[in-house]
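# Coordinate inspection notes
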Amino acid sequence: MKVTRRRFMQNTAALAALGAAPRWAESADNIKLGSVLDRSGIFDAYGKPMDRAERLAVENINAAGGLNGRMVEIIAYDTQSDMALYTQYSQQLARRDRVDVVHGGILSASREAIRPTLRKNNIPYFYNVLYEGGVCDRNIFCTGITPAQQIEVLIPAAVGRWGKKAYILAADYNYGQITAKWVQHYLEQQGAGAIQTDFFPLDVSDFSATITKIQSAAPDMLISALVGGAHLSFYRQWAATGMNARIPMASTTLGVGNEHIVLTPEEGNGILVAYNYAQSGNSPANQEFLSQWGAKYGAQSVEEIHEIAVSHYQGILLWAEAVRRAGGVERDALITTLESGIQVEGPSGRVTIDPVTHHAVLDVHLMELANQRLKVVESHPQRQPVDTQTVCDLKKNPDDNRQYEIGI
């Protein structure tokens, strides 16, 4: 083959670039991990830490020799908080990039925008975010907490502290609508109830009329399932009226996007939440995770670690362990391995895949916001996704493919 001067210079430049990059940066033998996350747009407070968690997880995997001798390469797209881009990029990952797995999606709407494409193309999909439950699809694994794991802990504690009349505020889409029903369900189990439920589009940021309504209704407590940067305005406006000193609040979402470190102590103190991850946890796995994060991204960046960043990290750990045990990335072998009850010890504790639903068995911590920190009040180990277990049995019905609205 004739080597021209131009070809020689191109090859030399390519070799120099390879020398400066990790050896797994470009190789046909790499395992390709597809990622679709909101790294910009109105949901970037969720997506940016998830992206960092993903890169830390893959860096650790590759530093340990990869998976079965193969390096993992991330192919990532920023969906810019645009549902249309989720659809576009999932198709690119499947058809052009030919990835071996996809981890991503934040809102339930984003999950449902990409799930059909990944199922059709036989690409395993990990959705690593807390959500409303009910997805039943053998091609997907959901590693975040569901309502029965979270709200069943949160609501009894709130009722026991504050009383039986609740006012619910929720985002006006799938997550908020279904979560509000779960809140009502667990209120009723406690002999309590919701005197009003209001839903808000994700771009609403003026809550003055709502605050007036709440004042008139005089509930014992507020339950918030608000989502995103615009909805963060509610907490500030609520505190500005002085109402946070009169009516306490619990939330299924506050802190998931690090809202608790954006709010001042005066705005956030006393809000009750329940999540899988507590940054104050002293397990070796969590301490190592925090140390590695700080070393990679800077000590101050540790503050940005939130619930779904950790869920995303742990979802990748579960997938990696399954690849090791399955001996490769072939879809059916990987799914069968995950259905064997596979588990990992992550920053939040033990995470186990429930074979029947492909959801995770997780620890849940009741926490109270105090001076921009989530303080653990009590812990509930290894809670099953019992909500989704009531409607989904992938052992009996492996071809099931829908999201059930669970009867409540």
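These numbers were taken from a predicted model, which means no experiment stands behind them.

The subject of this paragraph is the state of the cysteines. Taken as a whole, this structure holds one disulfide when the rule is applied. Note on C142: no disulfide assigned, nearest cysteine sulfur contributed by C392 at a separation of 9.1 Å. By relative accessible area, C142 is classed as buried at 1%.

Let's shift gears to empty space enclosed by the protein. Applying the stated criterion to the full structure yields two cavities of 30 Å³ or more. Size it by volume and the largest cavity reaches roughly 150 Å³. Residue lining of the largest cavity: 13 residues in total, with I106, V129, L130, Y173 and V227 positioned closest to the centre. For the lining of the largest cavity, the class distribution of residues is 11 nonpolar, two polar and no charged. The residue makeup of the lining of the largest cavity includes at least three contributed by each of domain 1 (2–145 + 280–363 + 383–403) and domain 2 (147–275). Of the volumes computed, that of the second largest cavity is approximately 50 Å³. Lining of the second largest cavity is provided by L226, V227, G228, H231, L232, Y235, T253, L254 and E259. In terms of residues, the lining of the second largest cavity owes the most to one element, helix 8 (residues 228–240), which gives four residues. Within the lining of the second largest cavity, the residues separate by chemical class into five nonpolar, three polar and one charged.

A word on the pairing of strand 9 (residues 221–225). With five of five residues buried, strand 9 is to be regarded as a mostly interior element. Where strand 7 (residues 165–171) and strand 9 come together, five bridges link them in parallel fashion. Across the sheet, A166 pairs through a bridge with M221, a residue of strand 9. Inspection of the sheet shows strand 9 paired to strand 10 (residues 249–251) by three bridges, in the parallel sense. By the bridge assignment for strand 10, S224 is matched with S251.

Moving on: the sheet that holds strand 2 (residues 72–78). Spatially, 2-1-3-4-6 is the arrangement adopted by the five strands of the open sheet, whose pairing is parallel. For this open sheet the edge positions go to strand 2 and strand 6 (140–142), each flanked by a neighbour on one side alone. Each neighbouring strand pair of the sheet contributes to a mean axis angle of 20 degrees, computed without reference to strand direction.

Counting residues in hydrophobic clusters, the biggest one holds 123 residues, and the most contacted among them are L187, F234, Y235, W238, F289 and W319. Considering every element that reaches this core, the biggest residue donor is helix 12 (residues 307–326), with 10 residues. Split by domain, the residues of this core number at least three in each of domain 1 (2–145 + 280–363 + 383–403) and domain 2 (147–275). Once you skip the residues sitting within four places of it in the chain, W238 turns out to touch I211, I214, L222, M243, N244, I247 and M249.

Bringing the domain arrangement of the protein chain into the picture now. Annotation of the protein chain at the domain level lists domain 1 (2–145 + 280–363 + 383–403) and domain 2 (147–275). Put simply, domain 1 and domain 2 have one salt bridge between them. A salt bridge links R383 to E152; its shortest N-O distance comes to 2.8 Å. Where domain 1 touches domain 2, the interface holds 11 residue pairs in polar contact (both at pLDDT 80 or more).

Taken as a whole and assessed by the stated rule, the structure comprises 23 salt bridges. The salt bridge involving E368 is made with R161; its shortest N-O contact spans 3.1 Å. With E368 in strand 14 (residues 360–370) and R161 in helix 5 (residues 147–162), the pair connects residues that are 207 residues apart, well separated along the chain. Residue classification places R161 among the partly exposed residues on the basis of a relative accessible area of 39%. Note that E303 is salt-bridged to R373, the shortest N-O span being 3.2 Å. One end of the pair, E303, is in the loop between helix 11 (284–297) and helix 12; the other, R373, is in strand 15 (residues 373–383), and 70 residues separate them in sequence. The exposure class of R373 is partly exposed, given its relative accessible area of 45%.

Thresholds applied
- Residues numbered from 1 in each chain as written.
- Predicted model: local features only at pLDDT ≥ 70, side-chain atom pairs only at ≥ 80, totals over all residues.
- Heavy atoms only, no water.
- Disulfide = S-S within 2.5 Å.
- Buried < 20%, exposed > 50% of the residue type's maximum accessible area, 1.4 Å probe, protein only.
- 1 Å grid on protein atoms, 1.4 Å probe; cavity = no way out; pocket = protein on both sides within 12 Å on 5 of 7 lines; lining within 4 Å.
- Points joined across faces, edges and corners; volume = space filled by probe spheres on them.
- Nonpolar A, V, L, I, M, F, W, Y, C, P; charged D, E, K, R; others polar.
- Domains from an automatic or database assignment.
- Helix = DSSP H or I, 4+ residues; strand = E, 2+ residues; numbered from the N terminus.
- Pairing = 2+ DSSP bridges.
- Axes fitted to C-alpha atoms, helices over the stretch in contact; angles between N-to-C directions.
- Core = buried A, V, L, I, M, F, W, Y, C linked by side-chain atoms within 4.5 Å.
- Contact = heavy atoms within 4.5 Å.
- Salt bridge = Lys/Arg side-chain N within 4 Å of Asp/Glu carboxyl O.
- Polar contact = N/O pair within 3.5 Å; in protein donor to acceptor, adjacent residues only side chain to side chain.

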